[in-house]
Every structure is written in structure tokens, then in C-alpha cells.
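# Topology and contacts: notes
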Amino acid sequence: MVDVSQHKLVPEHTKLDDEAVEDVLQEYNVEKTNLPKIKLKDPALPEDAEPGDVIKIVRNSRTTDKAVVYRLVIE
């Protein structure tokens, strides 16, 4: 079986700790439930991800070099 999370086209997915989540929510002045969602079944998620976790995704970008987005894990 292929581990898609290790494929070169899949951006880096990192689970944030509680302190980092609070920093992100304050920086963007949003509630956790206002973040875009990502399903728990997504194969790119870290293995220890659970519903309610926030994932930081770092993508390559043509305009800004790196684009950082955040997703809330849901069932």
C-alpha cells in the first residue's frame, strides 16, 4: 500500500498543539469552528489526528513562495 502523505505532491500537514491553535485563532480573530474543514479519512493527515484538531498545511506557491492554511479535522 502506498503512503500518500509521503508523496512529493502532497503538501506538509502538521497537527498543531493547543497553544499554537490559540495563537492562530487570535491572529485571524476567528472561532475554531469557522476554520475550513478536512475529513478524518483524508490520507494526508498525520496518523495521530483526531476530530477537533487543527492542521497546518504548507503549500508551495508561485506568488508567495509558501502558502499556509489551517483546517479543522472533522468526522
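Look up a bit, the structure's there.
This text gives an overview of the structure that appears in the document. For clarity, every value in this text was computed on a predicted model and none was experimentally measured. (Residues numbered from 1 in each chain as written. Predicted model: local features only at pLDDT ≥ 70, side-chain atom pairs only at ≥ 80, totals over all residues. Heavy atoms only, no water.)

### Observations regarding the pattern of salt bridges
Under the definition given, this model contains 2 salt bridges. Two residues, lysine 15 and aspartate 53, come together in a salt bridge whose shortest N-O distance is 3.5 Å. Taken as a pair, lysine 15 in strand β1 (residues 12–15) and aspartate 53 in the loop between β2 (37–39) and β3 (54–61) lie far apart in primary sequence, 38 residues in all. For lysine 15, a relative accessible area of 31% puts it in the partly exposed group. One salt-bridge network, held together by shared partners, links Lys15, Asp48 and Asp53. (Salt bridge = Lys/Arg side-chain N within 4 Å of Asp/Glu carboxyl O. Helix = DSSP H or I, 4+ residues; strand = E, 2+ residues; numbered from the N terminus. Buried < 20%, exposed > 50% of the residue type's maximum accessible area, 1.4 Å probe, protein only.)

### Observations regarding the side chain of histidine 13
Among the structural elements, histidine 13 can be located in strand β1. A distance of 2.7 Å separates a polar atom in the side chain of histidine 13 from the backbone oxygen of proline 11. Once you skip the residues sitting within four places of it in the chain, histidine 13 turns out to touch Ile38, Ala44, Pro46, Ile55, Lys56 and Ile57. (Polar contact = N/O pair within 3.5 Å; in protein donor to acceptor, adjacent residues only side chain to side chain. Contact = heavy atoms within 4.5 Å.)

### Notes on the sheet that holds β1
Taken in spatial order, the 4 strands line up as β1-β3-β4-β2 in an open sheet, and their pairing is mixed. Single-partner strands in this sheet number two, and they are β1 and β2. When the angles between neighbouring strand axes are averaged without regard to direction, this sheet yields 40°. Relative to strand β4 (residues 65–74), β2 runs parallel, the two sharing 3 bridges. Across the sheet, the residue bridging to lysine 39 is isoleucine 74, located in β4. (Pairing = 2+ DSSP bridges. Axes fitted to C-alpha atoms, helices over the stretch in contact; angles between N-to-C directions.)

### Some thoughts on the environment of valine 21
Considering the arrangement of structural elements, one finds valine 21 in helix α1 (residues 18–28). Note on valine 21: relative accessible area 7%, which makes it buried. C-alpha of valine 21 to C-alpha of alanine 67: the two residues are 46 residues apart in sequence and 17 Å apart in space. Excluding residues within four positions of it along the chain, valine 21 makes contact with Leu16, Lys32 and Val54.

### Thoughts on a negative patch on the surface
Together, Asp17, Asp18, Glu19, Glu22, Asp23 and Glu27 give the surface a local cluster of negative charge. Note that glutamate 22 resides in helix α1. Overall, the relative accessible area of 43% leaves glutamate 22 in the partly exposed class. (Patch = residues over 30% accessible without salt bridge, like charges linked within 9 Å, V, L, I, M, F, W, Y side chains within 5 Å. Areas by Shrake-Rupley, 256 points an atom, 1.4 Å probe, with all protein chains shown as cover. Lys, Arg positive; Asp, Glu negative; His and termini not counted. Charge placed at Lys NZ, Arg CZ, Asp CG, Glu CD.)

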